[in-house]
Amino acid sequence: MLQNETLVSAAAQSEFAANGYTMLPKFYDAQADVAPIQEGIRVILELLCRKYAVDAPTDTSWNAMTKAYPALIAKNRAWGGEVYDAVKQIPAFMQLVSKAANLAVFEALRPGSVPGLAAGGYGIRIDNPGEEKFRAQWHQEFPGQLRSLDGVVFWTPLLPVTADMGPVQIAAGSHAEGVIPVYRDDAGLGKTGAYALYMDREEERLARYEKVAPLTAPGDLILMDFLTMHQGGHNVSAMPRWSIQFRYFNFADPLGTRIGWCGSFAAGVDFSKILPELVTDGGNAA
Ligand SMILES: O=C(O)CCC(=O)C(=O)O
Ligand SMILES: [Fe+2]
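Residues numbered from 1 in each chain as written. Chains lettered and ligands numbered in written order. Predicted model: local features only at pLDDT ≥ 70, side-chain atom pairs only at ≥ 80, totals over all residues. Heavy atoms only, no water.

Another point: the packing of aromatic side chains. Applying the stated rule across the entire model yields 13 aromatic pairs. On the numbers, 3.9 Å between centres and 10° between planes, the contact of Y52 with W79 is stacked. Note that Y52 is positioned in the loop between helix 3 (30-51) and helix 4 (61-75) and W79 in helix 5 (residues 77-87), a separation of 27 residues in sequence. Summarising the burial analysis for this pair, Y52 and W79 share the class buried. Ring centres of F106 and Y248 lie 6.4 Å apart, and the angle between their planes is 35°; on these two criteria the pair is classed as tilted. Of this pair, F106 sits in helix 7 (residues 100-109) while Y248 sits in strand 11 (residues 241-250), placing them 142 residues apart in sequence. (Phe/Tyr/Trp six-rings, centres within 6.5 Å; stacked < 30°, edge-to-face > 60°. Helix = DSSP H or I, 4+ residues; strand = E, 2+ residues; numbered from the N terminus. Buried < 20%, exposed > 50% of the residue type's maximum accessible area, 1.4 Å probe, protein only.)

So, in structure tokens, the structure goes:
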């Protein structure tokens, strides 16, 4: 318990309870925890640039992430998918995702819980400038992840995030809405899965809360309640926004137990079959 209080200050715990999010500056060690992931990304981009004969610098992880990756997808967007699938298999990434300190954070935020690490709930996002199709618009995490109602999103950047890179926007205190029903719409952009979900009366609900968009650097950790409304900002910079996200949930949650802790899209599950009361569109998948 003492350890949990040291990792997550009482102020951060009460901010999380009141506002549905908190930010822990320098929670991870940028050198020991994050640099090995950046190096893993560099090596993968070096291999792919060679494979596809893309002439771009991969001598440093910075060049690989900010120059080689954009050069690769400029030639063929589908190659970006190869990067996306590969980078979440970097051992140093899985080491950060499963760090014992994460468990202590979850226990501090969810006293008395039995923590689980959501399978398929971890990955590395690469939010490219101007790419609306894959932007995460306003949502609650719960329909897209399930597992338990009281899960927590862990979000930490792989590059310093500036305002023009579209930092994650959070509607402070919006977890008070409880579970919000959703409907499906591909927005004419071919959006699928969680990207095609929209919250019922979204504008009306959002209007009730202040929006915050913390700026972060590698090592900083943002924590969000599964019911807090949030979205990816619009990246209007010239640089992709690379970030890590993973989710912990609570085996002891009654709803989680009822649904057998099943996952959502990433687990190949149509959540509307599990919790039909969450959907307002009559079950027509986008
Ligand atoms: O980074 C983003 O753009 C969105 C992140 C998000 O929705 C999440 O981590 O759950
Ligand atoms: Fe999210």
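Quantified by volume, the largest pocket comes out at close to 1000 Å³. Looking at the lining of the largest pocket, the elements that each hand over two or more residues are helix 5, strand 3 (123-127), helix 8 (141-145), strand 4 (152-157), strand 7 (197-199), strand 10 (230-231) and strand 11. The residue makeup of the lining of the largest pocket, split by class, is 21 nonpolar, 17 polar and 10 charged. When we break the lining of the largest pocket down by domain, the ones giving at least three residues each are domain 1 (4-28 + 115-278) and domain 2 (29-98). (1 Å grid on protein atoms, 1.4 Å probe; cavity = no way out; pocket = protein on both sides within 12 Å on 5 of 7 lines; lining within 4 Å. Points joined across faces, edges and corners; volume = space filled by probe spheres on them. Nonpolar A, V, L, I, M, F, W, Y, C, P; charged D, E, K, R; others polar. Domains from an automatic or database assignment.)

Let us look at the sheet that holds strand 10. Strand order in the open sheet made by the three strands is 8-5-10, with antiparallel pairing throughout. Each end of this open sheet is capped by a strand with a single partner; those strands are strand 8 (211-212) and strand 10. Here two bridges tie strand 5 (residues 169-171) to strand 10, and the two strands are oriented antiparallel to one another. Across the sheet, the residue bridging to Q169 is Q231, located in strand 10. (Pairing = 2+ DSSP bridges.)

Moving on, we come to the environment of W138. Take W138: it is sitting in the loop between strand 3 and helix 8. Spatially, the C-alpha atom of W138 lies 7.4 Å from that of Y198, the residues being 60 residues apart in sequence.

Turning next to the environment of E39. Structurally, the position occupied by E39 is in helix 3. Here E39 falls in the partly exposed class, since its relative accessible area comes to 36%. The sequence separation of E39 and R241 amounts to 202 residues, and the corresponding C-alpha distance is 16 Å.

The next point concerns helix 4. One full turn of an α-helix is made of 3.6 residues, so residues set three or four places apart face in the same direction. With 15 residues, helix 4 extends 20 Å between its outermost C-alpha atoms, agreeing within 8% with the 21 Å of an ideal straight helix rising 1.5 Å per residue. Of all the bends in helix 4, the greatest reaches close to 35° and is centred on A68; the proline P70 follows between one and four positions later. (Expected span 1.5 Å × (residues − 1). Bend = angle between axes of the 7 residues up to and from the residue.)

Here we take up the site of ligand 1. Surveying the vicinity of ligand 1 reveals 13 residues, the closest of which are H139, E141, W155, R241 and R247. Separating an oxygen atom of ligand 1 from a side-chain N or O atom of E141 is a distance of 3.0 Å. Here an oxygen atom of ligand 1 and a side-chain polar atom of R247 are 2.9 Å apart. Looking at the shell around ligand 1, the elements that each hand over two or more residues are strand 3, strand 4 and strand 11. Ranked by residues supplied to the shell around ligand 1, first place goes to strand 11 with three residues. Of the residues in the shell around ligand 1, the class split is four nonpolar, four polar and five charged. (Near = heavy atom within 4 Å. Polar contact = N/O pair within 3.5 Å; in protein donor to acceptor, adjacent residues only side chain to side chain.)

By themselves these figures say nothing about function.
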